[in-house]
Amino acid sequence: MTGKGDMLLTIALLLLLIGTGQAIQCYQCDSQQDKSCPTYEAFDTNVNAIVDCRSFEAVVPGTFCVKITQESPGWYSWKQVTRRCASRSDLGVAWGCRFEYEDMGVYKEVCFCGDKDGCNGTSQITTNFFLLILSLFLVTFYRYIH
């Protein structure tokens, strides 16, 4: 690779890592313990406060947010929603949603996000659109100069 290519890739990686040093704020609640954290109704961001994931208020300190939904099958089924900060993922990837079935057929959905404060308050986790566009631009620019 040429000197220009090395420098361009280095700049691209640095730009992608700029946001990782900042503290993120996430919603923190558990539907089994907190009435303001509904299981079946829409989550109200006006009722729930977000916490700084580097502060003592965070139950789990971290660098991204997580929303965990668990639901059991059958006549006596239950559902639990947990929102909090997170510092690591069991799968090593802390972006998007993962689905699995645990013991006794309990359905589990774990959604990770870190693109904006309070991102675990929504029903849908989104990607960082700015970083996507920037990456596409840099790849196109790199191909153009070579």
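Just so it is clear, the structure is predicted and the values come from calculations on it, not from any experiment.

(A) Fine view of the environment of Pro-38. Within the secondary structure layout, Pro-38 lies in the loop between strand 2 (29-30) and strand 3 (50-52). For the pair formed by Pro-38 and Thr-82, sequence separation is 44 residues and the distance between their alpha carbons is 9.7 Å. Each residue touching Pro-38, except ones within four places of it in the same chain, is listed here: Ser-31, Phe-43 and Val-81.

(B) Representation of the environment of Gly-62 within the structure. Tracing the chain through its elements places Gly-62 in the loop between strand 3 and strand 4 (64-71). Distance from Gly-62 to Ala-23, taken between C-alpha atoms, is 8.5 Å for residues 39 residues apart in sequence. Non-local contacts of Gly-62, meaning those with residues more than four positions away in its chain, are made with Cys-53, Cys-85, Ala-86 and Ser-87.

(C) Structural context of the state of the cysteines. Within the structure shown, the criterion is met by five disulfides. What pairs with Cys-53 in a disulfide is Cys-85, and their sulfur atoms sit 2.1 Å apart. Here the S-S torsion is close to -85°, and the disulfide linking Cys-53 with Cys-85 is therefore left-handed. Pair noted here: Cys-53 is in the loop between strand 3 and strand 4 and Cys-85 is in strand 5 (residues 79-86), with a separation of 32 residues, a long-range link. By relative accessible area, Cys-85 is classed as buried at 0%. Indicated for the chain is the disulfide connectivity 1-5, 2-3, 4-6, 7-8, 9-10, based on numbering the bonded cysteines in sequence order.

(D) Molecular detail of the nonpolar core. Grouped together as the largest cluster of nonpolar side chains are nine residues: Ile-24, Cys-26, Val-51, Cys-53, Ala-58, Cys-65, Cys-85, Cys-113 and Cys-119. When sequence neighbours within four positions are dropped, the list of residues in contact with Cys-26 reads Ala-49, Ile-50, Val-51, Cys-53, Phe-64, Cys-65, Arg-84, Cys-85, Gly-118 and Asn-120. Core analysis: the next-biggest nonpolar cluster, separate from the first, contains six residues, Phe-64, Ala-86, Val-110 and Phe-112 among them.

(E) How the structure looks around the sheet that holds strand 7 (residues 107-113). Spatial strand order, 2-5-4-7-6: five strands in an open sheet with antiparallel pairing. Both outer strands of the open sheet, strand 2 and strand 6 (96-101), are each paired with one neighbouring strand and no more. For strand 4 and strand 7, the ladder comprises seven bridges, and the chain directions are antiparallel. Its bridge partner lying in strand 7, Gln-70 is registered against Lys-108.

(F) Examining the side chain of Gln-80 more closely. The residue Gln-80 is located in strand 5 in this model. Reaching out from Gln-80, the side chain makes a polar contact with the side chain of Asp-30 at a distance of 2.9 Å. Not counting the four nearest positions on each side in its chain, Gln-80 is found in contact with Asp-30, Ser-31, Gln-32, Thr-39, Ile-68, Thr-69 and Gln-70.

About the cut-offs
- Residues numbered from 1 in each chain as written.
- Predicted model: local features only at pLDDT ≥ 70, side-chain atom pairs only at ≥ 80, totals over all residues.
- Heavy atoms only, no water.
- Helix = DSSP H or I, 4+ residues; strand = E, 2+ residues; numbered from the N terminus.
- Contact = heavy atoms within 4.5 Å.
- Disulfide = S-S within 2.5 Å.
- Buried < 20%, exposed > 50% of the residue type's maximum accessible area, 1.4 Å probe, protein only.
- Core = buried A, V, L, I, M, F, W, Y, C linked by side-chain atoms within 4.5 Å.
- Pairing = 2+ DSSP bridges.
- Polar contact = N/O pair within 3.5 Å; in protein donor to acceptor, adjacent residues only side chain to side chain.

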